[in-house]
Amino acid sequence: MTEIIINNLEGIRESARQFISKMGEGSVFAFYGGMGAGKTTFVKAICEELGVEDVVTSPTFAIVNEYRSETSGELIYHFDFYRIKKLEEVYDMGYEDYFYSGATCFVEWPELVEELLPEDAVRVTITENEDGTRTVRF
């Protein structure tokens, strides 16, 4: 298990670089953590470090945002399943086309679609510590 500490917002880009260096061969990354744990903020920092120049925002209403790395040309999909009420919504959006595309997928609130995640999805947990730091484990 890998553990990365995010000390503060100023250091989040360094933490994102550490995460990227340890991503391995995975393409689907499921981010677990409570409301306000920093999932979106961390995904945003990762995308920026991967070369995304678009503004990275939570896809809460769109369910999925698509980005392209300006450095590698690689596609990145960012999901937020917080507002999903039924799995049919996820089936209807064609989740398989994203999850099995080989593109990097960052998934927030994966617990709501757990049974649809690929078996090799990398489970990432972000915990807010009492001192305000965050611990990222995967």
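Here, the structure is the one placed above.
Note that the structure is a prediction, hence the values are computed from the model and not measured.

A. Region of interest: the side chain of threonine 135. Looking at the secondary structure, you find threonine 135 in strand 7 (residues 134-137). In this structure, threonine 135 is in contact with Glu3, Ile4, Ile5, Thr125, Ile126, Thr127 and Asn129, ignoring residues within four places of it in sequence.

B. Region of the structure containing helix 1 (residues 12-21). Burial in helix 1 covers these residues: Ile12, Ser15, Ala16 and Phe19. Taken around the axis of helix 1, the buried residues stretch over an arc of 105°, which confines them to a single face. Those residues of helix 1 that are buried are in contact with strand 1 (3-6), strand 2 (28-32), helix 2 (39-49), strand 5 (104-108), strand 6 (122-128) and strand 7.

C. Spotlight on helix 2. Within helix 2, burial applies to Lys39, Phe42, Val43, Ala45, Ile46 and Cys47. Trailing helix 2 by a residue or two, glycine 51 shows a phi angle of about 100°, which is positive.

D. Molecular detail of the environment of glycine 33. Mapped onto the elements of the fold, glycine 33 is located in the loop between strand 2 and helix 2. According to the relative accessible area criterion, glycine 33 is buried, its value standing at 15%. Separated by 67 residues in the primary sequence, glycine 33 and tyrosine 100 have C-alpha atoms spaced 24 Å apart. With residues near it in sequence (within four places) discarded, glycine 33 still touches Lys39, Trp109 and Ile126.

E. Structural detail: the nonpolar core. Counting 25 residues, the largest nonpolar core has Phe19, Phe31, Phe42, Phe106 and Val136 as its most contacted members. Those elements giving two or more residues to this core turn out to be strand 1, helix 1, strand 2, helix 2 and strand 6. Ignoring sequence-local partners within four residues, the contact set of phenylalanine 31 consists of Phe19, Lys39, Phe42, Val43, Ile46, Phe106, Val107, Glu108, Trp109, Pro110, Val124 and Ile126. Grouped together as the second largest cluster of nonpolar side chains are 21 residues, Tyr95, Val107, Trp109 and Ala121 included.

F. Main features of unusual backbone geometry. Of note, the phi angle at isoleucine 63 is positive, near 75°, even though the residue is not glycine. Note on placement: isoleucine 63 falls in the loop between helix 2 and strand 3 (64-68). Classification of isoleucine 63 by relative accessible area gives buried; the value is 18%. In the Ramachandran plot, tryptophan 109 falls in the positive-phi region, its phi being about 60° despite a non-glycine side chain.

G. Main features of the pattern of salt bridges. For the structure on display, the rule yields 8 salt bridges. Measuring nitrogen to oxygen at the nearest pair gives 2.9 Å for the salt bridge that ties glutamate 3 to arginine 137. A residue pair is termed long-range when its members are at least 10 positions apart, and glutamate 3 in strand 1 and arginine 137 in strand 7 qualify at 134 residues. Exposure remark for glutamate 3: the relative accessible area of 48% places this residue in the partly exposed category. The partly exposed category is assigned to arginine 137, whose relative accessible area is 31%. Between glutamate 49 and arginine 17 there is a salt bridge whose closest N-O contact spans 3.1 Å. In this pair, glutamate 49 sits in helix 2 while arginine 17 sits in helix 1, placing the two residues 32 residues apart along the sequence. Glutamate 49 gets classed as partly exposed once you look at its relative accessible area, which sits at 23%. Salt bridges sharing partners connect three or more residues here, namely Arg13, Glu14, Arg17, Lys44, Glu48 and Glu49.

Basis of the calculations
- Residues numbered from 1 in each chain as written.
- Predicted model: local features only at pLDDT ≥ 70, side-chain atom pairs only at ≥ 80, totals over all residues.
- Heavy atoms only, no water.
- Helix = DSSP H or I, 4+ residues; strand = E, 2+ residues; numbered from the N terminus.
- Contact = heavy atoms within 4.5 Å.
- Buried < 20%, exposed > 50% of the residue type's maximum accessible area, 1.4 Å probe, protein only.
- Arc of directions from axis to C-beta.
- Core = buried A, V, L, I, M, F, W, Y, C linked by side-chain atoms within 4.5 Å.
- Salt bridge = Lys/Arg side-chain N within 4 Å of Asp/Glu carboxyl O.

This is a description of form; function is not addressed.
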